Amino acid sequence: MSLKEKYSEEVNAIFAKYENKRSAVMPLLYLAQREGGYVTKESMAEIAEMLEIETTEVASIVGFYSLYHDEKAGKYRMQVCADLPCALRGADKFLESLCQNLGVKVGETTSDGLVTVESVMCLAGCDKAPMFQLQEGDRVTYHENMTVDRTMELVEALKAAGKEVK
Amino acid sequence: MEHFLLRHLDIADINDINIYKQNGGFESLKKAVTIMQPQQVTDEVKASGLRGRGGAGFPTGVKWSFLPNNIWPHYVVCNADESEPGTFKDREIMERNPFQFLEGVALACYAVGANEGYIYLRGEFLHVQEYLDKCIGEMEAAGALGEKLFGTSYNLKLKTHLGAGAYICGEETALLESIEGKRGQPRVRPPFPAVVGLYGKPTVINNVETLTNLPFIVEKGAAWYRTLGTEKSPGVKVISLSGNVNKPGNYELQLGTTFRELIYTHGGGIPDGRKVKGIMPAGASSSIIRVDDSTFDTVMDTPMDYENVQNIGSLLGSASVIIIDDSHDMDWVINKTVHFFKHESCGKCTPCRDGNYWMLNIVERIHEGHGSQKDLTLLKSVANQVNGKCLCALGDFSTMAVSSALERFPEDFDKKVKA
């Protein structure tokens, strides 16, 4: 189903917000990412058509910004900040030990497809390190002052929540 | 001391529109719109000496006066892209004191005759966007935004726009490109945004904290504002303190407060009995100030204002003070900063794009213990070839920590490299 069909009200609201059509590209890309966690080639083409620009241009925007993805990953992307201020407060050790607990390397997804662990740039949570954001579809949530134990509890909770829905 | 920006520390529920109103909320906007001419607002802000809090420290009122009066419409864009490693002040202001911030955006719009204001938030601040949208709705319902404000003919609409993770979008022309639905790459200047900005129209771009100062300046006047801070750097500043300190966080202090007061009185000193080794006062973009037994008192007694921090070889910038203790070596520190800038270079200018690639290569080699003395010379040379040779400041920023670390902490590198 196309974005226009699936999210017609939201698409209309996005276009109504901007005087210049092209400005709608970023909110549309978030919408496209909502369900699968990444922007499909079909969605890029549809957005390009709506905005009357080339699909390549849409793809270049997806490639430029770190919160857009063009490949499938885990249901949740656990994006740990390992920049200098967080690293001074132990973010590297946190990330390493988290990966050990989850049985993955940075960039990899847990075998059940639930969590992809990523190392990302500063998230403006420097005083609350170790911290990460959880990206799911078009949502991001912050998790601050974290320990590996608390993170593993969170992963268990996400796992349980996923089973309930099914 | 009373807080003027982090006002939630004095009045916990200042984020409730009714509490905000009971505490004088929207009175400044009403005063401006009903009894002041836009030029009078600009003049007051100019007289207050308020300087941009996003990092550059440019006088705010002067920036507004660059907008031509024969090209319309005018736009105000608030830069809420806060992405500098070590900076987390705008987030706290927007999350905890949103109405004062939005009143500030509205005042800037009125001053430059804009009927539309954009707030550009970094993509990670989705929760802030949703919160501000709700606050904007409440202000519209309360008559503090929307059509015919306070019974005048002035209309004002505020919109939020969400980025998607790109440090470069904090650079003002890249930010405009991003709102226009393009990759966030800086524009060639001139023309400056004041003349050719958003959608090709005259545009003022101000930081969150800068705008949050405005309601108090309009209410109490420029003379009052100048009683805070120093002569050349008037007012208060929210300082983000991070790294190796006992109590990291945001502290609203008068400009000119010393590093000693920030680090030891407010920040509670350094954990585990360690010593300060380096200070980065403007986040990852700063030159690293060396602190050792011989320089300790001079550095600690330096007032944090735009001039004095420069005098000890760095910049105040957005006042994101990162403390590095003596358990860390500087080759590790610059490995972190270069890694950041290599990731965030937008790719438009060759010196920045390729320079950061090569700097990272060399820095990693040194950090892993495979470097030689030649690598140190090469690293210095690459940094010099990036600095000053790009369209925007990101290239320069990427070299600050590298060049200063090599120059001021040579022993950290000498022990790492082979002769």
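Residues numbered from 1 in each chain as written. Chains lettered and ligands numbered in written order. Predicted model: local features only at pLDDT ≥ 70, side-chain atom pairs only at ≥ 80, totals over all residues. Heavy atoms only, no water.

1. As for the domain arrangement of chain A
All names here are of chain A.
Here's step 1: Looking at chain A, the domain boundaries give domain 1 (3–64) and domain 2 (76–160).
Here's step 2: Using only C-alpha atoms to locate each centre, domain 1 and domain 2 end up separated by 28 Å.
Here's step 3: Listed by partner, the interface residues are four residues for domain 1 and four residues for domain 2.
Here's step 4: Broken down residue by residue, the surface that domain 1 buries against domain 2 is led by Y30, Q33 and R34, which jointly contribute 77%.
Here's step 5: If you look at where domain 1 meets domain 2, you find one salt bridge.
Here's step 6: A salt bridge links R34 to D138, with the nearest nitrogen and oxygen atoms 2.9 Å apart.
Here's step 7: Applying the counting criterion to the domain 1 and domain 2 interface returns one residue pair in polar contact (both at pLDDT 80 or more).
Here's step 8: Classifying every residue of the side of domain 1 that touches domain 2 by side-chain character gives one nonpolar, two polar and one charged. (Domains from an automatic or database assignment. Contact = heavy atoms within 4.5 Å. Buried area = accessible area lost by both parts, 1.4 Å probe. Salt bridge = Lys/Arg side-chain N within 4 Å of Asp/Glu carboxyl O. Polar contact = N/O pair within 3.5 Å; in protein donor to acceptor, adjacent residues only side chain to side chain. Nonpolar A, V, L, I, M, F, W, Y, C, P; charged D, E, K, R; others polar.)

2. Overview of helix 12 (residues 259–266) of chain B
Residues and elements named next belong to chain B.
Here's step 1: Of all the positions in helix 12, only F259, L262 and I263 are classed as buried. For helix 12, the angular spread of the buried residues around the axis is 80°, confining them to a single face.
Here's step 2: One or two residues past the end of helix 12 sits G268, with phi positive at roughly 70°. (Buried < 20%, exposed > 50% of the residue type's maximum accessible area, 1.4 Å probe, protein only. Helix = DSSP H or I, 4+ residues; strand = E, 2+ residues; numbered from the N terminus. Arc of directions from axis to C-beta.)

3. Quick look at the domain arrangement of chain B
Residues and elements named next belong to chain B.
Here's step 1: Per the domain assignment, the segments of chain B are domain 1 (7–225), domain 2 (236–325) and domain 3 (330–414).
Here's step 2: Of note, the centres of domain 1 and domain 3, computed from C-alpha atoms alone, are 35 Å apart.
Here's step 3: Domain 1 puts 12 residues into the contact, and the matching count from domain 3 is 10 residues.
Here's step 4: Buried surface at the junction of domain 1 and domain 3, both sides included, amounts to about 890 Å², of which 70% is carbon and sulfur.
Here's step 5: Looking only at domain 1, the three residues that lose the most surface to domain 3 are Y167, Q185 and P186, adding up to 53% of its buried area.
Here's step 6: Between domain 1 and domain 3 we count zero salt bridges in total.
Here's step 7: At the junction of domain 1 with domain 3, the criterion picks out four residue pairs in polar contact (both at pLDDT 80 or more).
Here's step 8: Class assignment for the residues of the side of domain 1 that touches domain 3 results in six nonpolar, three polar and three charged.

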